[in-house]
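# Structural characterization, general
The lines below spell out each chain.
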Amino acid sequence: MSEAPVLKSIDPTAPADAIWRFSEAKKIYNLPFNDLLFRAHTIHRAQFDPNAVQMSRLLSIKTGGCPEDCGYCSQSAHYPTGLKASKLMEVERVLAEARKAKEGGATRYCMGAAWRSPKDRDMDMIVAMVEGVRSLGMETCMTLGMLSPDQAGRLADAGLDYYNHNIDTSERFYREIITTRSFADRLETLANVREAGIKVCAGGILGMGETSDDHIAMLVTLANLPVPPESVPINMLIPIPGSKLGDAAPVDPIDFVRAIALARILMPQTHVRLSAGRTEMSDEMQALCFFAGANSIFVGDTLLTADNPGEDHDAGLFRRLGLKPMALDAAE
């Protein structure tokens with residue numbers, strides 16, 4: 001059996017408090033595939049029920065018209081994707097959708113708005129959404145763009161469980177995808193969220209033209225945060241016609257599974273979320289991701305503006321694999 005990774009081994013080029021260095025993570029990522037999966041699954045089984053998957057639901061509460069130029073996004077105002085901008089949804093409509101999600105078995109409700117950052121005038125409605133979803137007994141998550149310390153504090157006071165703000169890719173590759181905000185801006189928002197006492201949800205997207213080294217570097221960055229994220233969504237790019245990455249070549253499925261496994265190894269107690277792109281994944285690929293440590297999916301036909309496998313398909317896959325929805329108390 002391959003030797004276990006050495007924890008707290010410091011690379012001279014890494015921050016003094018780094019837990020993982022890139023060279024260690026790359027060695028693990030490049031293990032023979034079976035050895036990598038065995039190591040990841042052993043860690044996953046020690047931390048979680050290996051046959052339980054959290055069911056999450058995602059709602060776009062404000063769609064399109066975003067001033068950011070993220071090359072992967074259908075909602076960017078910079079690209080002719082054909083998506084029309086909408087206003088922020090009314091609170092009661094959001095709560096009605098949350099009730100449907102709960103009735104459908106979801107225990108986690110995520111709300112996303114296509115903003116660079118929320119305006120203070122919108123915060124009262126955002127707070128009401130958080131409080132309303134929490135009153136239904138569901139775990140809450142918001143993704144609204146960059147947050148100031150004061151805004152993060154208001155969301156914390158409302159009882160927000162998680163804030164999602166992905167770093168998207170490695171720091172090296174970041175400028176190839178986004179120019180309207182920096183990698184440091186992303187990390188600053190994560191720090192504001194953590195300081196406010198909200199759990200962090202941060203991950204990235206694979207298949208944007210990056211290398212496997214970028215996959216590794218992204219995960220090392222997340223694992224070396226002062227506190228690793230409690231939630232790491234790993235997305236497979238859905239090429240959007242009209243966007244900068246509309247013609248991107250698909251990521252290799254084995255590389256994708258390797259990234260899931262590395263995320264589980266570097267961040268043992270984190271929920272690793274198999275997020276966007278599942279419509280393009282075979283059932284076998286998804287099964288490998290679950291074995292490698294993914295333990296959360298989004299259910300429903302739509303993710304923000306992109307297609308998602310329907311609930312009937314997911315239910316059938318769960319039956320075939322012997323998987324079950326994760327109870328809320330196990331997801332906290």
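All residue numbers refer to position in the chain's written sequence, counted from 1. Given that the model is predicted, a residue must reach a pLDDT of at least 70 before its local features are reported, and side-chain atom pairs must reach 80 or more before they are shown or counted; all residues, however, enter totals for whole chains, interfaces and linings. With hydrogens and water excluded, all non-hydrogen atoms of the structure serve as input to the side-chain values.

### Regarding helix H8 (residues 212-223)
Secondary structure elements follow DSSP: runs of H or I no shorter than four residues count as helices, runs of E no shorter than two count as strands, and numbering proceeds from the N terminus. Working rule for helices: expected span equals 1.5 Å times residues minus one. Counted at 1.5 Å a residue, the expected span for H8 with its twelve residues is 16 Å, and the 17 Å between its end C-alpha atoms agrees. Among the residues making up H8, those that are buried are Asp214, His215, Ile216, Met218, Leu219, Val220, Leu222 and Ala223. Contacts are assigned to residue pairs that have any heavy atoms within 4.5 Å of one another. Contacts from the buried residues of H8 go to helix H1 (22-29), helix H6 (171-174), strand E6 (204-206), strand E7 (231-236) and helix H9 (253-266). Accessibility here uses a 1.4 Å probe with only protein chains present; expressed as a share of the type maximum, an area under 20% marks a residue as buried, one over 50% as exposed, and anything in between as partly exposed.

### Some points on the packing of aromatic side chains
Geometry of aromatic contacts follows a simple scheme: Phe, Tyr and Trp rings, the Trp one being its six-membered ring, pair when their centres are within 6.5 Å, and the pair is stacked under 30 degrees between planes, edge-to-face over 60, tilted otherwise. Tallied over the entire structure, the rule returns two aromatic pairs. The interplanar angle of 75 degrees and the centroid separation of 5.6 Å between the aromatic rings of Tyr174 and Phe183 together place this pair among those described as edge-to-face. Residue Tyr174 is classed as buried on the basis of its relative accessible area of 1%. Ring centres of Phe290 and Phe318 lie 6.3 Å apart, and the angle between their planes is 85 degrees; this geometry places the pair in the edge-to-face category. Taken together, the residues Phe290 in helix H10 (residues 283-292) and Phe318 in helix H11 (residues 311-321) connect sequence positions 28 residues apart. Phe290 sits in the buried class, given a relative accessible area of 5%.

### Quick look at unusual backbone geometry
One non-glycine residue, Asp168, adopts positive backbone phi at about 75 degrees. Mapped onto the elements of the fold, Asp168 is located in the loop between strand E4 (162-164) and H6. For Asp168, a relative accessible area of 2% puts it in the buried group.

### Observations regarding the packing of H9 against H10
Axis definition: a line fit to C-alpha positions, over the contact stretch in the case of helices; interaxial angles, taken between N-to-C directions, run 0 to 180 degrees. Two numbers describe how H9 lies on H10: the axes approach to 8 Å, and their chain directions differ by 20 degrees. Taken together, the axes of H9 and H10 lie roughly parallel to each other. Relative to H10, the crossing made by H9 is right-handed. Residues Pro253, Phe256, Val257, Ile260, Ala261 and Arg264 of H9 lie in contact with H10, whose contacting residues are Met285, Leu288, Cys289 and Ala292. Should an angle fall under 35 degrees it is called roughly parallel, over 145 degrees roughly antiparallel, and 65 to 115 degrees roughly perpendicular, with every other angle called oblique. Take the far helix as your reference; a near helix turned counterclockwise from it by less than a right angle gives a left-handed crossing, and one turned clockwise gives a right-handed crossing.

### Observations concerning the pairing of strand E8 (residues 271-274)
Across the two faces of E8 the burial is the same, with His271 and Arg273 and Val272 and Leu274 all buried. Note that E7 and E8 share four bridges and pair parallel. Bridge assignment links Ile234 to a residue of E8, and that residue is Leu274. By definition, two strands form a pair when at least two bridges between them are found by DSSP. When E8 meets strand E9 (residues 294-298), the two strands line up parallel, connected through three bridges.

### Quick notes on helix H4 (residues 123-135)
Residues spaced three or four apart along an α-helix point in a common direction, a consequence of the helix completing one turn every 3.6 residues. Taking 1.5 Å per residue as the helical rise, H4 with its 13 residues ought to reach 18 Å, and the 18 Å between its terminal C-alpha atoms agrees with that figure. Within H4, burial applies to Met123, Ile126, Val127, Met129, Val130, Gly132 and Val133. Contact partners of the buried residues in H4: strand E1 (52-62), helix H3 (91-103), strand E2 (108-113), strand E3 (139-143) and helix H5 (149-158).

### Structural notes on the confidence of the model for the chain
The quantity called pLDDT is the predictor's confidence in a given residue, expressed from 0 to 100. Residues of the chain with pLDDT of at least 70 account for 87%, and the chain-wide mean is 87. The least confident element of the chain is strand E10 (residues 302-303), whose mean pLDDT is 49; the most confident is H9, at 98. Low pLDDT, under 50, characterises residues 1-14; the stretch is placed with 22 contacts to residues that sit more than four places away or in other chains.

### Comments concerning the environment of Ser74
Along the chain, the position of Ser74 falls in the loop between E1 and H3. By relative accessible area, which is 11% here, Ser74 ends up buried. Along the chain, Ser74 and Ile240 lie 166 residues apart, while their C-alpha atoms are 6.1 Å from each other.

### Concerning the state of the cysteines
Here, two cysteine sulfur atoms that lie within 2.5 Å of each other are counted as a disulfide. Here the structure, examined in full by the defined rule, presents zero disulfides. Free cysteine Cys66: the closest other cysteine sulfur is in Cys70, separated by 6.3 Å. By relative accessible area, which is 9% here, Cys66 ends up buried.

### Side note on the nonpolar core
Soluble globular proteins tend to pack their nonpolar side chains together in the buried interior. By nonpolar core is meant a set of buried Ala, Val, Leu, Ile, Met, Phe, Trp, Tyr and Cys residues that side-chain atoms within 4.5 Å join together. Ile61, Met142, Leu155, Leu219 and Phe256 are the most contacted members of the largest nonpolar core, which totals 94 residues. Not counting residues up to four positions away in its chain, the partners in contact with Ile61 are Lys87, Leu88, Met89, Val94, Met111, Gly112, Ala113, Ile126, Met129, Met142 and Leu144. Grouped together as the second largest cluster of nonpolar side chains are six residues, Leu58, Cys141, Tyr162 and Phe298 included.

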